[in-house]
Amino acid sequence: MNLIKNSLDTLLLALFPKRCLFCGQVIEPEEDYCEECKRIKKIEAPVCFHCGASKNDCVCKKHKHEYKRIIAPYYFEGSIPKAVYNFKFNKHKYLASSFAKEMSKTISELYNDVTFDFITFVPMRRLHQFERGFNQSELLSDEISKLLDIPVKSVLYKSRYTGVQHNKSAKARRADIFGSFNVCKDSLDLVDGKTILLIDDIKTTGATLNECAKMLNIFGAKAVYACTFAVSKSKSKDE
């Protein structure tokens, strides 16, 4: 019987190899993370709530944003870009669980003074979501909801196409994203007077999160707090 079981286990591993919980790379059966992901360090407190970086790394100018604070467990560096790419474009949807677990820990630690009415997320265009098969920010929100027992409500929609953002400057991103999100008509009463947790996968310049938070504020949100899996480090005081 042991021989049959071992043979079945070997076959299953060959067909469905174990993958790193962060980046999706194939790993040894007894491991949970690849060697590169084991070396990832979390953003250390105290944190700058304007940019999400550790205050030791912060070079931001403390510009006012539409969201009250931004936090994230990791910087967008090391193996994190590969992890996010696999999650979004290689359709490793199972990574949402481990991403959300780390985000939930950060939310519990750094937003322990805030009571949220609900979680919402950065929306995608319907065609784009149909092509990908899912909205990564929505998946993260659903997993965080389970861990923190906060309901998820889809209250935003993307009103126009903005093109690829990752290769644009901060100024171009802000201009391009302006007016591209709105609050769903049937969600206006849900937003009014509420404290909202806004979720996305990564923050680079913060333009997308800021535009979403702005619309929530316009329609009466009491306060909007943001959380992402990773934030990009600013390279200079101008970013």
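Residues numbered from 1 in each chain as written. Predicted model: local features only at pLDDT ≥ 70, side-chain atom pairs only at ≥ 80, totals over all residues. Heavy atoms only, no water.

Observations regarding the confidence of the model for the protein chain
Line of reasoning, step 1. On average, residues of the protein chain score 86 in pLDDT, and 83% of them are at 70 or above.
Line of reasoning, step 2. Every residue in residues 3-15 is under pLDDT 50, and counting partners more than four places away or in other chains gives 3 contacts. (pLDDT = per-residue confidence, 0-100. Contact = heavy atoms within 4.5 Å.)

A few points about unusual backbone geometry
Line of reasoning, step 1. For the bond from alanine 45 to proline 46, the omega torsion is 0°, close enough to zero to count as cis.
Line of reasoning, step 2. Phi is positive for lysine 62, which is not a glycine, with a value near 60°.
Line of reasoning, step 3. Tracing the sequence through the fold places lysine 62 in the loop between helix 2 (35-38) and strand 1 (69-71).
Line of reasoning, step 4. Notably, lysine 91 is not glycine yet its phi reads approximately 60°, a positive angle.
Line of reasoning, step 5. By secondary structure assignment, the location of lysine 91 is in the loop between helix 3 (80-88) and helix 4 (95-110).
Line of reasoning, step 6. Judged by relative accessible area, which is 48%, lysine 91 ranks as partly exposed. (Helix = DSSP H or I, 4+ residues; strand = E, 2+ residues; numbered from the N terminus. Buried < 20%, exposed > 50% of the residue type's maximum accessible area, 1.4 Å probe, protein only.)

Quick look at the side chain of serine 145
Line of reasoning, step 1. Position of serine 145 among the secondary structure elements: in helix 6 (residues 136-148).
Line of reasoning, step 2. Judged by relative accessible area, serine 145 falls into the buried class, the value being 16%.
Line of reasoning, step 3. In this structure, serine 145 is in contact with Ile119, Ile150, Pro151 and Val152, ignoring residues within four places of it in sequence.

A closer look at the packing of aromatic side chains
Line of reasoning, step 1. A complete count under the given rule lists 12 aromatic pairs for this structure.
Line of reasoning, step 2. Here phenylalanine 87 and phenylalanine 134 contribute two aromatic rings whose centre-to-centre distance is 6.2 Å and whose plane-to-plane angle is 35°, an arrangement assigned as tilted. Here phenylalanine 87 is found in helix 3, whereas its partner phenylalanine 134 is found in the loop between helix 5 (126-132) and helix 6, with 47 residues between them in sequence. No difference in accessibility class separates phenylalanine 87 from phenylalanine 134, as the two residues are buried.
Line of reasoning, step 3. Ring centres 5.7 Å apart and planes at 85° place the aromatic pair phenylalanine 116 and tyrosine 225 in the edge-to-face group. With a gap of 109 residues between them, phenylalanine 116 in the loop between helix 4 and strand 3 (118-121) and tyrosine 225 in strand 7 (residues 223-231) connect regions that are remote in the sequence. Tyrosine 225 shares its class with phenylalanine 116; the two are buried.
Line of reasoning, step 4. These aromatic residues form a ring-pair network of at least three members: Phe22, Tyr33, Tyr74, Phe87, Phe99, Phe134 and Phe229.
Line of reasoning, step 5. Sitting over the face of the ring of phenylalanine 49, arginine 69 holds its NZ or CZ atom 5.0 Å from the ring centroid. (Phe/Tyr/Trp six-rings, centres within 6.5 Å; stacked < 30°, edge-to-face > 60°. Lys NZ or Arg CZ within 6 Å of the ring centre and 35° of its normal.)

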